[in-house]
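# Topology and contacts: notes
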Amino acid sequence: MKKETVLNEIIKYYIKSHDFNGLPVYNMKSYDYNILCELIDEGLIEVLSEKEVINPHIKGFDFTIPVDRQKENISKDTNYSVLYPTRKALESVPLDYTKPYSVLMQKGEKQFKIIYFNIEILERYVNNPKFVIMDNGYRGNICVKDEYIDDKTIEDEYIKNYGMAYIDGKHLERAVGVFVCDLAKLSSQKQMLWKGFELPNQRKCKINAGFVDNLIKGKWVMETWIFHALLEEIKVINEQCEHMGIPKLFNKTFGTHYSEMPEGFRNILLPTLKNYYDFVLVFEKIIVHNISYKTFQKDTLHIQGIDRKDELGKDKGSLVMLEEWLGKNIRTQENITDLIIKPLKTIRNIRQKPAHELTSNQYDVTLYQKQFDLMNDTYTAIRAIRLFFANHPLTKDVKVPEHLVSGKGIVNY
């Protein structure tokens, strides 16, 4: 059996594999231990085994496994070891330059190499009604909406996972990181599209640690995204209201699974005024517009209700009623207006600007900071309501998640 035959089988399997996987030794048609050892010595193949890596079918990184260990792991064709052609062996492989990320894999690039892009690339998916962005703060998913799930024209047109990255280590200079193996699955047209958004200085970018921990190391990310924590606080507050014998403070609650969260309730991607106002519109509906005036009208243990009508017989707004009701029922040295009411009024004030004025869209990187501050202030306000309610004797049996109690590990990416 010729050495070229064995090497060609390994190369052919790697190139034709959808994920550029290696050839398991137990699947070889031309297994020859001595020839394989020669190929290892010549630096033309390398061996990954379950003894050294969790999943030998994926060459996620560059490994330095001793030659003797590699040879030992292929000593039998029944061993659970996988063969990969090296960069040297792949030098003669014809390259398809219409697929720049496939080319990297054809040259032997490690599958989990991260390529960084201008965050603007995601706007193309946000603005396409066939897709939805599912965001978890440190990472996100581009998913096809249910009604387009059988659309064959888009099955190779998007990547599933991306990570939030930062330029020069600055939290508010954002980029997007994607595994090269995922980019290589895109169609030629979409690979060229993504290539156009590739950032010139890749070394300046750093991926969020949660992306690596979650997708590569298989770890749970123990931090709680502030967007999720806020929705959890709302649920707890409503449960506290039930125990106190008053109507729920919020008309509607939301889950933290991406399919349960309101669309658009996430970090803005491209920092434009339109994106910022679109977020505030959603935010106002979740918080301010979601407050029930019925909560404030019922008398119960240690709670005095208030009238909905003002002195002129007009209906009071929900924030006016909330401020009056808290002032009447909560005894604290805290300034309730500054702590709770002002942040909620800020949401409403921002929301009213595009509703009542003609505004032009602008690109403004400071909008990242404005959203960051708005989320922090609002979360502090909603958390304060929950903490005040926790002092009521009838709420002592309401279970509050530990991360909400301690406030530790709640992050605003």
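Residues numbered from 1 in each chain as written. Predicted model: local features only at pLDDT ≥ 70, side-chain atom pairs only at ≥ 80, totals over all residues. Heavy atoms only, no water.

By the naming in an unreviewed UniProt entry, the chain is AAA family ATPase, taken from Sporomusa sphaeroides DSM 2875.

## Side note on helix α11 (residues 318-329)
Compared with the 16 Å implied by 1.5 Å per residue over 12 residues, the 16 Å span of α11 between its first and last C-alpha is a close match. Within α11, the full set of buried residues consists of Ser318, Leu319, Met321, Leu322, Trp325, Leu326 and Asn329. Buried residues of α11 fall within an arc of 155 degrees about the axis and therefore sit on the same side. (Helix = DSSP H or I, 4+ residues; strand = E, 2+ residues; numbered from the N terminus. Expected span 1.5 Å × (residues − 1). Buried < 20%, exposed > 50% of the residue type's maximum accessible area, 1.4 Å probe, protein only. Arc of directions from axis to C-beta.)

## Things to note about the packing of helix α1 (residues 3-16) against helix α2 (residues 33-41)
Helices that pack against each other are described as a pair by the angle of their axes relative to one another and the distance between those axes. Where α1 meets α2, the closest approach of the two axes is 10 Å, and the angle between their N-to-C directions is 75 degrees. In terms of axis orientation, α1 runs roughly perpendicular to α2. Only Ile35, Leu36, Glu38 and Leu39 of α2 make contact with α1, whose side of the interface consists of Lys3, Val6, Leu7 and Ile10. The class makeup of the residues in the contact of α1 with α2 is 6 nonpolar, no polar and 2 charged. (Axes fitted to C-alpha atoms, helices over the stretch in contact; angles between N-to-C directions. Parallel < 35°, antiparallel > 145°, perpendicular 65-115°, else oblique. Contact = heavy atoms within 4.5 Å. Nonpolar A, V, L, I, M, F, W, Y, C, P; charged D, E, K, R; others polar.)

## A few points about the sheet that holds strand β2 (residues 45-49)
Taken together, the 3 strands give an open sheet; going across it, the order is β1-β3-β2, and neighbouring strands pair in antiparallel fashion. Of all strands in the sheet, those with a lone pairing partner are β1 (23-24) and β2, marking the two edges. As judged from the 5 bridges shared by β2 and strand β3 (residues 81-85), these two strands associate in the antiparallel manner. Looking at β3, one finds that Glu46 is bridged to Tyr84. (Pairing = 2+ DSSP bridges.)

## A few points about the pattern of salt bridges
Taken as a whole and assessed by the stated rule, the structure comprises 21 salt bridges. With a shortest N-O distance of 3.8 Å, Lys185 and Asp182 are connected by a salt bridge. Here Lys185 falls in the partly exposed class, since its relative accessible area comes to 31%. Close ionic contact of Arg348 with Glu284 constitutes a salt bridge, the shortest N to O distance being 3.0 Å. Here Arg348, found in helix α12 (residues 336-356), pairs with Glu284, found in helix α10 (residues 273-286); they are 64 residues apart in sequence, far enough to count as distant. Judged by its relative accessible area of 24%, Arg348 is partly exposed. Take Glu284: its relative accessible area is 8%, and that puts it in the buried class. Here the salt bridges share partners, and the residues they tie into one network are Lys3, Glu38 and Glu42. (Salt bridge = Lys/Arg side-chain N within 4 Å of Asp/Glu carboxyl O.)

## Some details on the nonpolar core
Residues Trp194, Phe265, Ile287, Ile340 and Leu344 are the most contacted members of the largest nonpolar core, which totals 114 residues. The residues touching Trp194, leaving out its near neighbours within four places in the chain, are Tyr101, Phe117, Ile121, Leu122, Tyr125, Ile159, Val178, Leu183 and Leu186. With 11 residues, the next largest nonpolar core counts Tyr116, Ala165, Ala175 and Cys205 among its residues. (Core = buried A, V, L, I, M, F, W, Y, C linked by side-chain atoms within 4.5 Å.)

## Structural notes on the side chain of Ser49
By the element assignment, Ser49 lies in strand β2. In this structure Ser49 touches Pro56, Asn73, Tyr80 and Ser81, once residues within four positions along its chain are discounted.

## Quick look at the environment of Leu270
With respect to the helices and strands, Leu270 occurs in the loop between α9 (226-244) and α10. With a relative accessible area of 13%, Leu270 lands in the buried category. Taking C-alpha positions, Leu270 is 22 Å from Asn349, a pair spaced 79 residues apart along the chain. Setting aside residues up to four positions removed in sequence, Leu270 forms contacts with Ile119, Glu120, Glu123, Asn275, Tyr363 and Tyr368.

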